[in-house]
Amino acid sequence: MQTMSQTQTPDQEPVFQLKGSMLAITVLELAQNNLEGLDRQLAAKVAQAPNFFSNTPLVLALDKLPAGSGAVDLPGLMRVCRHHGLRTLAIRASRIEDIAAAIAIDLPVLPPSGARERPLEPEPEVKKPEPAPAPPPAPAEPAIKPTKIITTPVRGGQQIYAQGGDLVVIASVSPGAELLADGNIHVYGAMRGRALAGIKGNTRARIFCQQMTAELVSIAGQYKVSEDLRRDPLWGAGVQVSLSGDVLNITRL
Amino acid sequence: MAKILVVTSGKGGVGKTTTSAAIGTGLALRGHKTVIVDFDVGLRNLDLIMGCERRVVYDFVNVVNGEANLQQALIKDKRLENLYVLAASQTRDKDALTQEGVEKVLMELKEQFEFVVCDSPAGIEKGAHLAMYFADEAIVVTNPEVSSVRDSDRMLGLLASKSRRAENQQDPIKEHLLITRYNPERVSQGEMLGVEDVKEILSVALLGVIPESQAVLKASNQGVPVILDDQSDAGQAYSDTVDRLLGKNVEHRFLDVQKKGFFERLFGGK
């Protein structure tokens with residue numbers, strides 16, 4: 001065994017290293033399936049900000065096209081973008097025909113979600129470029145979406161959604177109430193309702209509560225109901241909930 | 001400035017009508033001109049509790065529909081100068097009420113009375129919605145048990161989001177918690193939620209705690225609001241509640257198991 005490991009040592013010299021990285025990238029979100037219109041409007045944008053359109057990497061988002069827009073001519077679309085200095089790296093799509101078209105020309109497909117366009121640690125997240133036929137003249141800078149802060153008790157039957165950001169509740173959350181956020185959820189009163197963080201798939205979202213007696217906690221779709229939560233020795237304590245792989249971890253704050 | 005008070009709960013059978021009758025009567029006893037309006041169209045009870053069921057000619061729905069004027073429909077209480085009742089219709093259902101109609105009647109009542117007490121039906125549908133929609137203050141009646149607390153919680157959510165004050169972004173409805181049918185003995189045995197538990201779950205200011213009492217049933221059957229039975233614990237607790245509603249600082253009573261005898265508490269000491 002030892003000899004084997006010796007012979008393997010030179011082979012184990014790493015040739016590469018895999019790294020996770022977050023890039024601000026321009027997303028061109030198609031609102032209409034209209035190549036001529038796109039060509040014209042892009043030309044107008046280029047005239048405004050020629051520097052921006054020089055070999056700019058681009059993700060083509062086809063997932064916001066209205067239903068029934070017909071098949072997208074993907075090679076044609078990429079040609080138009082290329083012509084204006086935008087280089088398509090991947091598409092974002094949900095329709096099966098778009099995905100098939102991308103696979104046919106060996107173009108990567110990203111899932112149809114904005115949640116991946118967020119940075120890692122500091123809470124502020126990358127704002128999605130406005131849905132427009134062309135990106136704004138200024139490069140898509142990371143922008144902070146204001147955190148939603150709730151100061152009155154959240155009652156059963158109420159639902160509060162912090163779209164694109166974090167949710168902070170400084171009051172109690174009753175059973176039957178539902179907190180939703182694309183980012184993290186913080187509850188500083190008694191937490192007796194449901195909390196769903198990272199609902200658009202952000203697996204790095206977390207839930208923080210001072211007194212965790214929730215009916216349900218969920219991060220990016222992975223959830224635990226109170227029947228399981230109650231068995232946790234941290235039931236009722238100040239905890240944070242995070243996701244690693246597909247396991248929800250509950251740790252003391 | 002006249003105030004519209006709604007007595008509501010979400011759940012049925014917790015004591016809304018008993019409370020409306022007691023609080024309306026208590027306000028009138030203290031010299032405030034008060035009307036109690038029964039919003040429970042189709043299942044009217046307030047007139048029975050108030051003991052005026054034989055004098056109902058016109059009702060709330062008649063006034064809303066313009067079939068009678070307000071003066072014809074208001075029933076004057078025989079015991080108190082300042083107290084009136086507007087009965088609900090027994091033959092119609094809650095769809096007979098419209099928002100415009102209710103608003104018109106309530107605004108007219110506000111001109112004549114200091115307090116308009118709205119006795120809400122159970123549920124969160126149209127009748128209950130209209131009863132609370134125009135309110136300035138709400139008394140949320142809760143029994144110390146989980147289903148009632150949950151329904152009250154839902155109702156508090158609606159008060160904060162679906163009332164006229166909420167929709168017009170005015171000051172929110174002032175919320176009061178009234179715990180009824182409270183039995184300290186059963187609380188101490190762990191069969192009932194305690195006052196602190198209910199307060200903590202609902203996070204609303206406590207207006208009063210009414211003990212479970214034989215006097216309530218007796219009063220209902222006789223058509224005498226229980227607050228007029230000043231010998232009873234429930235009557236006294238309602239009396240304290242009305243004082244607190246009017247801004248007085250009164251200590252809560254009847255929260256603990258009585259070690260001493262019932263009569264000693266009534267007649268002995270203070």
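One structure accompanies this document, and this report is about it. Here the structure is a predicted model, which means the values were calculated and not measured.

Concerning the overall build of chain B
Tallying secondary structure elements over chain B gives 13 helices and 8 strands in all. Taken over 270 residues, chain B has a buried fraction of 54%. Nonlocal contacts in chain B, meaning residues at least 24 apart in sequence, comprise 74% of its contacts between residues at least 6 apart. Of the roughly 12,200 Å² of accessible surface on chain B, 47% is carried by carbon and sulfur atoms.

Structural notes on the sheet that holds strand β8 (residues 178–181) of chain A
Residue and element names in this part refer to chain A. Taken together, the 5 strands give an open sheet; going across it, the order is β6-β8-β10-β12-β13, and neighbouring strands pair in mixed fashion. For this open sheet the edge positions go to β6 (159–162) and β13 (222–225), each flanked by a neighbour on one side alone. When strand polarity is set aside, the average angle formed by the axes of neighbouring strands in this sheet is 10°. Looking at chain direction, strand β12 (residues 216–219) and β13 are connected through 4 bridges and run antiparallel. Each bridged residue has a counterpart across the sheet, and for L216 the counterpart in β13 is V225.

Some details on the side chain of S148(B)
All names here are of chain B. If you trace the backbone, S148 turns up in helix α7 (residues 146–161). Residue S148 is classed as buried on the basis of its relative accessible area, which comes to 1%. Polar contacts involving the side chain of S148 include one to the main-chain amide nitrogen of N143, which spans 2.9 Å. Apart from residues lying up to four places away in sequence, S148 is in contact with K11, V14, T142 and N143.

Here we look at the pairing of strand β2 (residues 56–61) of chain A
Residue and element names in this part refer to chain A. Counting buried residues in β2 gives 5 out of 6 residues, a clear majority hidden from the surface. Across 4 bridges, the pairing between strand β1 (residues 26–29) and β2 is parallel. The partner of E29 across the bridge, within β2, is A61. As paired elements, β2 and strand β3 (residues 86–92) share 6 bridges and run parallel to each other.

Cut-offs used in this document
Residues numbered from 1 in each chain as written. Chains lettered and ligands numbered in written order. Predicted model: local features only at pLDDT ≥ 70, side-chain atom pairs only at ≥ 80, totals over all residues. Heavy atoms only, no water. Helix = DSSP H or I, 4+ residues; strand = E, 2+ residues; numbered from the N terminus. Buried < 20%, exposed > 50% of the residue type's maximum accessible area, 1.4 Å probe, protein only. Contact = heavy atoms within 4.5 Å. Areas by Shrake-Rupley, 256 points an atom, 1.4 Å probe, with all protein chains shown as cover. Pairing = 2+ DSSP bridges. Axes fitted to C-alpha atoms, helices over the stretch in contact; angles between N-to-C directions. Polar contact = N/O pair within 3.5 Å; in protein donor to acceptor, adjacent residues only side chain to side chain.

Read these as geometric descriptors, not functional statements.
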